[in-house]
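Tertiary structure, described
The primary structure of each chain is shown beneath.
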Amino acid sequence: MGSLTAAAEEGTAATAIAAEDWSAEAVIYVNGVRRVLPDGLAHLTLLQYLRDIGLRGTKLGCGEGGCGACTVMVSCYDQITKKSEHFAINACLAPLYSLEGMHIITVEGIGDRQRGLHPVQECLAKAHGSQCGFCTPGFVMSMYALLRSSKDPPTEEQIEDSLAGNLCRCTGYRPIIDAFRVFAKTDDSLYTDSPSENANGQAICPSTGKPCSCRNETDVSTNESLLLSSAKIYLPCSYNEIDGNAYNEKELIFPPELQLRKFMPLKLNGFNGIRWYRPLKLQQLLHLKSCYPDAKLIIGNSEVGVETKFKNAQYKVMVSVSHVPELHTLKVEEDGLRIGSAVRLARLQNFLKKVIIERGSDETSSCQAILRQLKWFAGTQIRNVASVGGNICTASPISDLNPLWMATGAKFQIIDVNNNVRITAAKDFFLGYRKIDLKPDELLLSVMLPWTRQFEYVKEFKQAHRREDDIALVNAGMRVHIREAEGKWIVSDVSIVYGGVAAVPLTATKTENFLTGKKLDSGLLDETFGLLKEDIPLAENAPGGMVEFRSSLTLSFFFKFFLYVTHEMNIKGLLKDEMHAANLSAIQSYTRPVTVGTQDYESVRQGTAVGQPMIHMSAMLQVTGEAEYTDDTPTPPNTLHAALVLSKKPHARILSIDDSLAKSSPGFAGLFLSKDVPGANHTGPIIHDEEIFASDIVTCVGQIIGIVVADTHDNAKAAANKVNIEYSELPAILSIEEAIKAGSFHPNTNRCLEKGDVGECFLSNTCDKIIEGEVQVGGQEHFYMEPQCTLVWPVDSGNEIHMISSTQAPQKHQKYVAYALGLPLSKVVCKTKRIGGGFGGKETRSAIFAAAASVASYCLRRPVKIVLDRDIDMMTTGQRHSFLAKYKVGFTNGGKIVALDLEIYNNGGNSLDLSLSVLERAMFSSDNVYDISNIRVSGQVCFTNFPSNTAFRGFGGPQGMLIAENWIQHMATELKRSPEEIKELNFQSEGIVLHYGQLLQNCTIHSVWDELKASCNFVEARKDVNSFNGNNRWRKRGIAMVPTKFGISFTAKFMNQAGALVQVYTDGTVLVTHGGVEMGQGLHTKVAQVAASSFSIPLSSVFISETSTDKVPNASPTAASASSDLYGAAVLDACQQIKARMEPIASRGNHKSFAELAQACYMERVDLSAHGFYITPDIGFDWMVGKGTPFNYFTYGSAFAEVEIDTLTGDFHTRTADIVMDLGYSINPAIDIGQIEGAFIQGLGWAAMEELKWGDDNHKWIRPGHLFTCGPGSYKIPSVNDIPLKFKVSLLKGVPNPKAIHSSKAVGEPPFFLASAVLFAIKDAIAAARAEEGHVDWFPLDNPATPERIRMACVDSITKKFASVYYRPKLSI
Ligand SMILES: Cc1cc2nc3c(=O)[nH]c(=O)nc-3n(C[C@H](O)[C@H](O)[C@H](O)COP(=O)(O)OP(=O)(O)OC[C@H]3O[C@@H](n4cnc5c(N)ncnc54)[C@H](O)[C@@H]3O)c2cc1C
Ligand code: FES
Ligand code: FES
């Protein structure tokens, strides 16, 4: 058929289609409502459709299947088994028409505040499992789908597993797990019984018997109003009801129409000439294939969806093959298993489990290996849709299954359009990069997986950045058959195949040949390693980098395989040599027990609300998907959608901009460049050193050059892609080191702080020892779940401009937009209701996008909406600053620090933004909690050709403290003492003067540390770890304790001011508006608690609707952890003013309620509205002299961590984290604990998981200046299974803070740094591994301590084949 002309093909296809009676009627049910899908929507995903029809509870977080925010449940009916199946999927990847005939249930479908919440929703809200709430509907739907898909209640392990495809950046997952834990039991009393309490008065989960907060009595009683409203409406849920098919008033049934409906082959169309086919028979499929040889076959779309969205691939003809029965075969045959190419991975998992039980272990070694590998393959939502054939035919070099198909000797059955079937061995199928042995007129029919024989062993390997839901760095499939010959057990045949090391999976042929016929013996190892090195060569500039690590992994995997087989043979008593017990540690596979979290706090009640662990005020809205974010706001008529034209060069002169193609693009409405800015094009939060639209020179990849607006987001993107820009490249500075070498610094950023006489000290003989070193601190992406978004519209034809923005600083948006348009601030309004996480990333960087959109809106006099795609967001909005530090420390033999000389540099990027303030805080924090009599800290902000780096939780503090903890560790190694001892010896104490002149008052570090030390039983923990390490050669454990002190206040004095507006209404309800933004941290809840206690009314009488620049002017950004202190105090001020006005009336009458009093005041013409104001007293700092009191007070904390590492792969997990913090008298302990846990897990990402890879000198395989890690696929934040197995948080008791509202302390940023305990525990474990090889000296370990850094630091005979013992993996800083 390939010889037919296009027209002829068209004609043949049409005939075939007519003959087959293809239908264009597509029906789906959404939340029980029938919906006929019109033709023409083949380009839409389910997510786009749902949001278009107003179901906006389902969120767009990434669009690539990597975050789970878009999770919905799909139900379909199996005509053969007569049962409906329910499963969670990512709506962002599901083509709309692929769901024809199915029932989709979204978060709106399971419960809301009007009808009553579903227990899943209610539990999550009550357990404080929703902070910003953007991830929440996704979690709800994953849990809901799990419940509906299991006849029996799921186990706790299944619950944790099922959430691996859902990311949360706020909570640290613990409360989510605790919330859902209750569903792990059938007992209905769970829903009706009160929780029991342990001796400490802690609520005990009735399901697990462990402490948890899911049924915390305090919560229930204190948040009465919120809970009662839902409790009244729904009845307890019983698992017997949730069997997936049965109808009850709570669960939506599978629509009877869809049960009876006869499926038809479908032919539908989409935008831009796209055709969508759904054949129902193999013959129909083959016919289509003959007509359209280039047609894209689609099953799960998990690969194709990403290609079309992010790689600009366009497919004109798509054929959904998921209804072709022949491709769904799953059969046990005589010589093995037959697996249809369209079989979904989740179904394969279930099938393999059954087969393994039925056939026993000898025959199913391959099945077991595939099943184990599938556990680490993507997340549940992807496995529910992704297919075997899709994975094979994509031929990705990092496919997890292809090396296994090859190693197991699987065969692929291929059919052509003429029904000819041929068989090819998996090992011959992969021809080149994404090239397979499949002609255009062929498709993959099935896979034949042979049984294994007796003494045949198959093993899978995979090492990724993150264990769960991550693609492999290197993976492998290995198989060996051993047979007896002349009394010896020799290798009969062997297959060793690696993925992730070349364009195709590589077979280690020389090694296989060498091993065949040999006796399995450790004597073979050395020679085998040598051959493997030859078989699997990795060039220095291999794509993906990490060459030394990936090469080491290939040998490590084989070593593990060798030990595994030896062990299996030993068990059977076939080998004489017993394996050394310590070696067993190389082959124990990782199994994760259930996470246990405990929280220990006292609640000091002050008035009606303050001090109580109340749930987040928007929690109920968030769990039901009713909470609106910027992107959910209904757009005004005529709204245009924006896409940015971005620089593709790190440093270049713009020669020309050609917009001719863009202008003729569908839906195009305008392109705006620097020349179009009506006001000022230069802007910036402190100095105006950046352009809204680059006019002449671009200074980073991702810099905005222009903005295109069109009728839809997709059309705007398409048009923006057609703007052609020519550049003349200029030299670029792509690291801190290059900047230092070139003297490339932001002007006037040189800073110095000094105490004592450092120079003199080093010259005199007061120091017994002097050490010098360098610390590299890696950056971090904010990864707020809600991407940047603004909707801006002109009022009165541009006389005023209004906007709704996802920002931490509405006032910055107001300013940027006013400057850009040349309008007075009084005519520009910015409102923010809530944001889906910010963490500093929406403090300043969001404003430039609003300014760009406002130019288009103003010029066209039309509303414009801009939402950044996740990749654009990550590559353009800046990140946590990377730092480079050079230290020189003098100390006594007794371990006392005498002098510190420190030089620090941060990577500011291409504009100053907040980099100087970040540097300054790092300098303030560089003593951490240590008393240093002679100290000099100097710093400077580097100008580099990267997007401007910006604020991020901690704001330089964590970087400064990490540097301190590094040199403390270095000292301890020099002194051969534990770092904890050296820390204790040098703690600061009450009354000392810090290196910047502040007097230390109310210092609680000693109490915090001592309580932690007792709580974690440090001495015992050390003994246990030593004993474990002595018995295990290839797995090591490590522990560490880390203290922190975090200064509270904006270091710019003027920013420490806050305004609030409090309005009392005649029904006794109170509306509060203040300058702070609710971004999940519970600010509104805490502030409302302050107002409620002030008026002695219940919390339910107080409401905070939104933040708006026209209500409270000139607000500082919501940042620096200080918002509760500032806005709490401002609100208190306003409440007190109103109370003072009410007092005369109150004292006159006997009012039964606050409402009565308010009404009486109204009748007496009392003003019931007040503006409150607060400034932080007694602070200030003068950089001219380097002295002052920048902070109001300090928040203290300490953390203990215990980790276990696999020294052969670099894999690690955190066994325990124990945290003690002093938060004074907490205003809301539940919210504060949520902040601690969330910050700790975010910090764990920074310390040990999240690595930014930029195109720089260290990463030559990435285009210069480009960000490689620009989505959840390549940038791995912690997932639910990365949290500590035991996670304990305690608040220090009985320590009121005299410096802040209601004796509380700020919490948002301070706990973040505590996660460095994990980094140092990893380092401790690595030190134990190195000691086995005789390396006891100091070694650097940069953050993040990824598997690469861990593996390469655990030097052994394998790593030495690829790198020196001093090798330090490359880091973009
Ligand atoms: C978030 C996420 C996580 C992932 N994690 C992993 C992971 O851990 N490990 C891993 O290996 N992969 C992973 N992937 C990649 C992907 O999910 C898998 O490759 C998946 O198996 C593809 O199946 P699919 O049905 O979705 O393929 P589709 O996208 O539907 O199709 C993929 C390709 O296969 C072709 N094709 C499908 N069936 C046939 C057939 N019968 N004959 C010929 N061609 C055919 C299609 O035309 C298309 O080119 C991940 C993807 C995402 C989005
Ligand atoms: S939006 Fe679908 S997984 Fe992220
Ligand atoms: S609550 Fe999960 S991302 Fe914010």
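Per an unreviewed UniProt entry, the chain is named xanthine dehydrogenase, and its organism is Brachypodium distachyon. Per its UniProt entry, the chain bears the Sequence similarities (unreviewed entry) comment "Belongs to the xanthine dehydrogenase family."

This model, assessed by the stated rule, comprises 75 salt bridges. Of the charged contacts in the structure, one is a salt bridge between Glu-25 and Arg-261, with a shortest N-O distance of 3.6 Å. Remark: Arg-261 occurs in the loop between helix H11 (256-260) and strand E8 (266-270) and Glu-25 occurs in the loop between helix H1 (6-20) and strand E1 (26-30); sequence separation between them is 236 residues. Take Glu-25: its relative accessible area is 44%, and that puts it in the partly exposed class. Here Arg-261 falls in the buried class, since its relative accessible area comes to 15%. With its nearest N and O atoms 3.4 Å apart, the salt bridge here joins Lys-126 to Glu-122. With Lys-126 and Glu-122 both in helix H4 (residues 119-126), this residue pair falls 4 residues apart, about one helical turn. Judged by relative accessible area, Glu-122 falls into the buried class, the value being 2%. What emerges from the salt-bridge pattern is a single network uniting Arg-51, Lys-59, Asp-631, Asp-632 and Lys-865.

We now examine the nonpolar core. In this structure, Phe-180, Ile-904, Trp-967, Phe-1240 and Ile-1322 are the most contacted members of the largest nonpolar core, which totals 213 residues. Among the elements that make up this core, the one with the highest residue count is helix H38 (residues 1229-1249) (10 residues). Beyond its immediate sequence surroundings of up to four residues, Phe-1240 is in contact with Ala-1199, Ala-1217, Ile-1219, Pro-1284, Phe-1287, Pro-1311, Leu-1314, Ala-1315 and Val-1318. Grouped together as the second largest cluster of nonpolar side chains are 77 residues, Ala-91, Ala-369, Ala-378 and Leu-444 included.

Take the pairing of strand E14 (residues 411-416) next. Counting buried positions along E14 yields 5 of 6 residues, so the element is predominantly enclosed. Where E14 meets strand E15 (residues 421-425), 5 bridges bridge the pair, whose relative direction is antiparallel. What sits directly across from Lys-411, in E15, is Ala-425. Taken together, E14 and the strand that follows it, E15, pair antiparallel across an intervening segment of 4 residues, in which Asn-419 is found at a positive phi of about 75 degrees.

Once that is clear, we can look at unusual backbone geometry. The phi torsion of most residues other than glycine is negative, and most of the peptide bonds are trans. Following Asn-1343, the chain continues into Pro-1344 via a peptide bond in cis, with omega recorded as 0 degrees. Residue placement: Pro-1344 occurs in the loop between helix H39 (1316-1332) and helix H40 (1347-1353). For Met-546, which is not a glycine, the phi torsion comes out positive at approximately 50 degrees. In this fold, Met-546 is placed in the loop between helix H20 (525-535) and helix H21 (547-571).

Two numbers describe how H38 lies on H39: the axes approach to 7 Å, and their chain directions differ by 40 degrees. Classified by the angle between their axes, H38 and H39 sit oblique to one another. Of the residues in H39, those in contact with Phe-1240, Leu-1244, Ala-1247 and Ala-1248 of H38 are Ser-1316, Val-1318, Leu-1319 and Ile-1322. Of the residues that constitute the contact of H38 with H39, the class distribution is 7 nonpolar, 1 polar and no charged.

Ligand 1 sits among 33 residues. The nearest are Lys-296, Leu-297, Ile-299, Ser-302 and Ser-387. At a separation of 2.9 Å, an oxygen atom of ligand 1 approaches a polar backbone atom of Asn-301. Asp-400 is positioned with one of its side-chain polar atoms (N or O) 2.8 Å from a nitrogen atom of ligand 1. Against a free-state accessible area of 980 Å², the protein chains account for coverage of 92% of ligand 1. Listed by contribution, the elements that provide at least two residues to the shell around ligand 1 are strand E10 (296-298), helix H17 (388-394) and strand E18 (442-450). With 5 residues, the single largest contributor to the shell around ligand 1 is H17. For the shell around ligand 1, the class distribution of residues is 15 nonpolar, 11 polar and 7 charged.

Position of Asn-681 relative to the elements: it lies in the loop between strand E26 (668-672) and strand E27 (682-683). Measuring from C-alpha to C-alpha, the distance between Asn-681 and Phe-1287 comes to 49 Å, with 606 residues separating the pair along the chain. Excluding its chain neighbours within four sequence positions, the residues that come into contact with Asn-681 are Ser-674, Glu-690, Glu-691, Ile-692 and Phe-693. Here the side chain of Asn-681 touches Phe-693 through a polar contact of 2.9 Å, landing on its backbone oxygen.

Within the element layout of this structure, Gln-114 appears in the loop between helix H3 (107-110) and H4. As for Gln-114 and Glu-85, which are separated by 29 residues in sequence, their C-alpha atoms are 28 Å apart.

What follows is about the UniProt feature "binding site: Mo-molybdopterin" (unreviewed entry) in the chain. Cross-referencing UniProt, the feature "binding site: Mo-molybdopterin" (unreviewed entry) maps to Gln-808, Phe-839, Arg-953 and Ala-1120 in the present numbering. Across 313 residues of sequence, these annotated residues stay compact in space, with a maximum C-alpha separation of 12.4 Å. The annotated residues named above include Gln-808, Phe-839, Arg-953 and Ala-1120 as those lining the largest cavity. On the secondary structure map, Gln-808 appears in the loop between strand E35 (800-805) and helix H27 (810-821). For Gln-808, the contacting residues outside a window of four places in its chain are Ile-835, Gly-838, Phe-839, Gly-840, Gly-841, Lys-842, Glu-843, Val-1077, Met-1079, Pro-1117 and Thr-1118. Engagement of the side chain of Gln-808 in a polar contact is seen with the backbone nitrogen of Gly-840, the distance being 2.9 Å. Among the structural elements, Ala-1120 can be located in the loop between strand E45 (1107-1108) and helix H36 (1123-1148). Given the relative accessible area of 11%, Ala-1120 is considered buried. In contact with Ala-1120, other than residues within four places in its own chain, are Ser-1049, Phe-1050 and Glu-1309.

Thresholds, definitions, all that
Position numbers for residues start from 1 in each chain and track the written sequence from start to end. The lettering of chains begins at A and the numbering of ligands begins at 1, in the order of writing. In keeping with the predicted nature of the model, local features appear solely for residues at pLDDT of at least 70, side-chain atom pairs appear and are counted solely at 80 or more, and the whole-chain, interface and lining totals rest on all residues. Here the side-chain values reflect all heavy atoms present in the structure, with hydrogen atoms and water set aside. UniProt positions are given in the numbering used here, feature names are shortened, and annotations may be inferred rather than shown by experiment. Criterion for a salt bridge: a side-chain nitrogen of Lys or Arg within 4 Å of a carboxyl oxygen of Asp or Glu. Strands here are runs of E lasting at least two residues and helices are runs of H or I lasting at least four, both read from the DSSP assignment and numbered beginning at the N terminus. Residue exposure (1.4 Å probe, protein chains only): buried if accessible area is under 20% of the type maximum, exposed if over 50%, otherwise partly exposed. Definition of nonpolar core: a set of buried residues of the types Ala, Val, Leu, Ile, Met, Phe, Trp, Tyr and Cys, connected through side-chain atoms within 4.5 Å. In this description, contact between two residues means that some pair of their heavy atoms is separated by no more than 4.5 Å. If DSSP finds at least two bridges between two strands, the strands pair. Between N-to-C directions, angles span 0 to 180 degrees; the directions come from axes that are lines fitted to C-alpha atoms, helices contributing only their stretch in contact. Geometric relationships in this document are graded by angle, where less than 35 degrees denotes roughly parallel, more than 145 denotes roughly antiparallel, 65 to 115 denotes roughly perpendicular, and other angles denote oblique. Residue polarity is assigned by list, with Asp, Glu, Lys and Arg as charged and Ala, Val, Leu, Ile, Met, Phe, Trp, Tyr, Cys and Pro as nonpolar; anything else, Gly included, falls into the polar class. Whether a residue is near a molecule or strand depends on its heavy atoms: if one lies within 4 Å, it is near. By the criterion applied in these results, polar contacts are pairs of N or O atoms within 3.5 Å in which, for protein atoms, one can donate a hydrogen and the other can accept it, and in which residues neighboring in sequence qualify only through two side-chain atoms. All accessible areas in this document rest on Shrake-Rupley with a 1.4 Å probe, and a residue is counted as covered only by the protein chains that are shown. Space inside and on the surface of the protein is sampled on a 1 Å grid over the protein atoms alone, with a cavity defined as a set of points where a 1.4 Å probe fits but cannot get out and a pocket as an open set with protein on both sides within 12 Å along at least 5 of 7 lines; lining residues have an atom within 4 Å of a point.

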